[in-house]
Amino acid sequence: MSNEDQVMIETVELCKNFGELEVLKGITTKVNRGEVISIIGPSGSGKSTFLRCINLLEEPTSGEVYIEGISVMEHKKDINKLRQKVGMVFQQFNLFPHLKVIDNVALAPIKVKKLDKEAVYARARQLLARVGLSDKAEAYPAQLSGGQKQRVAIARALAMDPDVMLFDEPTSALDPEMVGEVLDVMKQLAKDGMTMLVVSHEMGFAREVSDRVLFMDAGIIAEEGTPAQIFSNPQNERTRAFLGKVL
Amino acid sequence: MDGLYNAIYKNFIRDDRYMYILNGLKITIIIALAAAVLGMVIGVVMALGKTSKNKIFKALASTYVELIRGTPTVVQLLIIYYIIFGSTAVPKLMVAIVAFGINSGGYVAEIVRAGIQAVDKGQMEAARSLGMPYGMAMRHIIMAQAFRNILPALTNEFITLLKETSVSGFIALDDLTKGADIIRSMTFDPYTPLLTAAAIYLVLTNLISFIFGKIERRMRISEQ
Ligand SMILES: Nc1ncnc2c1ncn2[C@@H]1O[C@H](COP(=O)(O)OP(=O)(O)O)[C@@H](O)[C@H]1O
Ligand SMILES: [Mg+2]
């Protein structure tokens, strides 16, 4: 197996119910190393729940999730180790408001990985430079704009050296003029070879950056394919209806 | 003027009666401080219980809080003195500290629980997604933020606790209130000793407000 084909994330018949409500109804897919996957679909179709099942923020009702070949369901005790491989960026940023930007980035590597403080801070500064926020290291999250907050959140996730990054509508809470700066960081990340699953309504990003697009509807992957296939020649009626609304 | 001097002389100076106030104040402060620390520890543990997924831990913590909040402090103090420590040689001061600590813990638990639950759910998720275990996330992310938010409520609780210690006389501890009352019973002057005790409590409660207000302002500034 070449490195390119290494499966980073695999889900098999993944189901999730909230009480009576069946939110995921059997999601089976694979994500290879370096792939960028966009997940699109109407609100309430289960996109967030799917991402959250991957790192067990939600516990799947049935089915399997594998992270780099290791069954998450069978290794719940090691979940903290597994989560370190999977970074997550949230719609609402969820920065730690009581910590300076630099400490937001450095806290987990220091506490969780028990790495040397000085090395962690040096790396945190590099990451802040990478997302264009060197000058904000000593600021508190409340002093940042939305776009800056989300870039810090990306740096914070990257600080744990994840193999995969999950993005759940990273630009949906942003003012329009700030969407670009976050997408630029994500594009650069994709270019650098990061494996990414991105739930987004930014169709431009999905079309331009992703290797594969999943269209989710009512808890299933209703259609998947390359951006060209999905955007130019959708097969599924629902995909067409959805794209008709958002494009 | 002569009247005032006479009152002071009679109540405080003669036979070194001021020592009732001074020793009482010492007892009051020791009980309040130690009980506050004990109450914080118990309160945090119980708040973790009330917000825990563990059903047994949760039920225990809830029962504790209900028992404390649903019964009078004096009754708790008497039960702990006569029933729980009844046949032991534990000093009364220790009993009082334990009793008021247990009492304060019940109220602190509710304050801390509210503080924990007021922290956005996304904070715990972000922390867990970085690989932090529950306890670590609770401490460095949730509690750290909750503490800032509950400082005013905790200030109130410490003030209440200080005032509640005035029932220590029920187990024959000579705290500030009891000391003042002893002087009253010797001099038959209710005004001077009791108003003096009230003034001292007022100074102490204001001191607590002042100190916590300072801490609170410092925390706010560091986030601006
Ligand atoms: N914790 C939860 N409890 C109950 N229902 C939930 C919960 N999380 C999500 N849901 C429901 O699951 C469905 C899918 O939600 P979600 O995965 O957030 O969709 P999407 O991200 O595609 O908009 C929605 O109907 C939502 O109300
Ligand atoms: Mg969503």
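This text follows the structure it describes.
A brief look at the structure comes next. (Residues numbered from 1 in each chain as written. Chains lettered and ligands numbered in written order. Predicted model: local features only at pLDDT ≥ 70, side-chain atom pairs only at ≥ 80, totals over all residues. Heavy atoms only, no water.)

### A word on the overall build of chain A
Rules: A helix here means a DSSP run of H or I that spans at least four residues, while a strand means a run of E at least two residues long, and both kinds are numbered starting from the N terminus. Buried, partly exposed and exposed residues are distinguished by accessible area as a fraction of the type maximum, computed with a 1.4 Å probe on protein chains only: under 20%, between the cut-offs, and over 50%, respectively. Throughout, a contact is declared for two residues whenever any of their heavy atoms are within 4.5 Å. For accessible areas, the Shrake-Rupley method is used with a probe of radius 1.4 Å. Any residue's cover is judged against the shown protein chains and nothing else. When charges are tallied, Lys and Arg are placed among the positive residues and Asp and Glu among the negative ones, while His and the ends of the chain are skipped. Charge placement uses NZ in Lys and CZ in Arg. For Asp and Glu, CG and CD serve respectively.
A tally of regular secondary structure across chain A gives nine helices and 10 strands. For chain A, the spread of C-alpha atoms along the principal axes amounts to about 50 × 45 × 40 Å. For chain A, the proportion of its 247 residues judged to be buried stands at 55%. Sequence separation of 24 or more characterises 65% of the internal contacts of chain A that already satisfy a separation of 6 or more. Summed over all atoms, the accessible surface of chain A reaches about 10600 Å², with 46% contributed by carbon and sulfur. Counting 30 positive and 34 negative side-chain charges, chain A places the centres of these two groups 5 Å from one another.

### Points about the site of ligand 1
Residue and element names in this part refer to chain A. Just so we agree on the cut-off: Note on definitions. A residue lies near a molecule or strand when any single heavy atom of the residue is within 4 Å of it. Side-chain atoms alone can form a polar contact between residues adjacent in sequence; in general such a contact is a pair of N or O atoms within 3.5 Å, and within protein one must be able to donate a hydrogen while the other accepts it.
For ligand 1, the full set of nearby residues is Phe18, Leu21, Val23, Pro42, Ser43, Gly44, Ser45, Gly46, Lys47, Ser48 and Thr49. Gly44 is positioned such that a nitrogen or oxygen atom in its backbone is 2.7 Å from an oxygen atom of ligand 1. One nitrogen or oxygen atom from the side chain of Thr49 is found 2.5 Å from an oxygen atom belonging to ligand 1. Look at ligand 1: alone it shows 560 Å² of surface, and the protein chains cover 60% of it.

### Digging into unusual backbone geometry
With phi around 50°, Ala218(A) is a residue other than glycine that occupies positive phi space. With a phi close to 55°, Phe188(B) is a non-glycine residue in the positive phi region. With respect to the element layout, Phe188(B) can be found in the loop between helix H8 (176-187) and helix H9 (191-223). Judged by its relative accessible area of 71%, Phe188(B) falls in the exposed class.

### Brief notes about the packing of aromatic side chains
Which entries qualify depends on this criterion: Here is the rule: rings of Phe, Tyr and Trp (six-membered ring for Trp) pair when centre to centre is within 6.5 Å. Planes less than 30 degrees apart are stacked, more than 60 are edge-to-face, and the remainder are tilted. Distance and angle both matter: a charge sits over a ring if NZ of Lys or CZ of Arg is within 6 Å of the ring centre and within 35 degrees of the ring normal.
Applying the stated criterion across every chain yields a total of four aromatic pairs over all chains. For the pair Tyr5(B) and Tyr9(B), a centre-to-centre distance of 6.4 Å together with 25° between the ring planes defines the contact as stacked. Within this pair, Tyr5(B) and its partner Tyr9(B) are both found in helix H1 (residues 2-13), separated by four residues, close to a single helical turn. We classify Tyr9(B) as partly exposed; its relative accessible area is 35%. Taking 4.7 Å as the distance between ring centres and 70° as the angle between the ring planes, the aromatic pair formed by Tyr81(B) and Tyr82(B) counts as edge-to-face. Residue classification places Tyr81(B) among the partly exposed residues on the basis of a relative accessible area of 22%. Residue placement shows Arg156(A) over the ring face of Phe96(A); its charged tip is 4.4 Å from the ring centre.

### Re the sheet that holds strand E1 (residues 7-18) of chain A
All names here are of chain A. The criterion, for reference: Pairing between two strands is assigned when DSSP locates at least 2 bridges connecting them. Each axis is a line fitted through C-alpha atoms, and for a helix only the stretch in contact is used; angles between axes span 0 to 180 degrees, taken between their N-to-C directions.
Spatially, the four strands line up as an open sheet ordered E2-E1-E4-E5, and their pairing is antiparallel. At either margin of the open sheet sits one strand with a lone partner, and together these are strand E2 (21-32) and strand E5 (70-71). Of the strands in this sheet, E1, E2 and strand E4 (62-67) touch helix H1 (residues 47-54), which is tilted by about 120° from E1.

### Notes on the pattern of salt bridges
Where charged atoms from two side chains of opposite charge come close, those side chains can pair. The condition is simple: A pair is scored as a salt bridge if a Lys or Arg side-chain nitrogen falls within 4 Å of a carboxyl oxygen belonging to Asp or Glu.
This structure, assessed with the given rule, holds 20 salt bridges over all chains. Arg151(A) serves as the salt-bridge partner of Glu181(A), at 2.8 Å between the closest nitrogen and oxygen. Of this pair, Glu181(A) sits in helix H6 (residues 176-191) while Arg151(A) sits in helix H5 (residues 146-158), and the two are 30 residues apart along the sequence. With relative accessibility at 25%, the residue Glu181(A) sits in the partly exposed group. Look at Arg151(A) and you get buried, because its relative accessible area is 11%. One salt-bridge network, in which partners are shared between bridges, spans Lys50(B), Glu66(B), Arg69(B), Glu110(B) and Arg113(B).

### Some points on the environment of Lys76(A)
All names here are of chain A. For Lys76, the position within the fold is in the loop between E5 and helix H2 (79-84). When its relative accessible area of 36% is taken as the criterion, Lys76 is described as partly exposed. Considered as a pair, Lys76 and Leu56 are 20 residues apart in the sequence and their alpha carbons are 8.6 Å apart.

### Points about the side chain of Asp168(A)
Residue and element names in this part refer to chain A. Residue position: Asp168 is located in strand E7 (residues 164-168). The charged side chain of Asp168 is buried without a salt bridge, its nearest counter-charge being Arg52 at 6.0 Å. In terms of polar contacts, Asp168 uses its side chain to reach the side chain of Ser48, at 2.8 Å. Other than its neighbours up to four places away in sequence, Asp168 contacts Ser48, Leu51, Val89, Phe90, Gln91 and Val199.

### Overview of a nonpolar patch on the surface
So the rule is basically this: What goes into a patch is any residue over 30% in relative accessible area without a salt bridge, connected to like charges within 9 Å or, for nonpolar side chains (Val, Leu, Ile, Met, Phe, Trp, Tyr), within 5 Å.
Taken together, the side chains of Leu4(B), Tyr5(B), Ile8(B), Tyr9(B) and Ile13(B) make up a nonpolar region of the molecular surface, amounting to roughly 480 Å² of accessible area. Topologically, Ile13(B) is positioned in helix H1.

### As for the pairing of strand E8 (residues 195-199) of chain A
Residues and elements named next belong to chain A. Here E8 lies mainly inside the structure; five of its five residues are buried. Where strand E3 (residues 36-40) meets E8, four bridges bridge the pair, whose relative direction is parallel. Each bridged residue has a counterpart across the sheet, and for Ser38 the counterpart in E8 is Val198. Where E7 meets E8, five bridges bridge the pair, whose relative direction is parallel.

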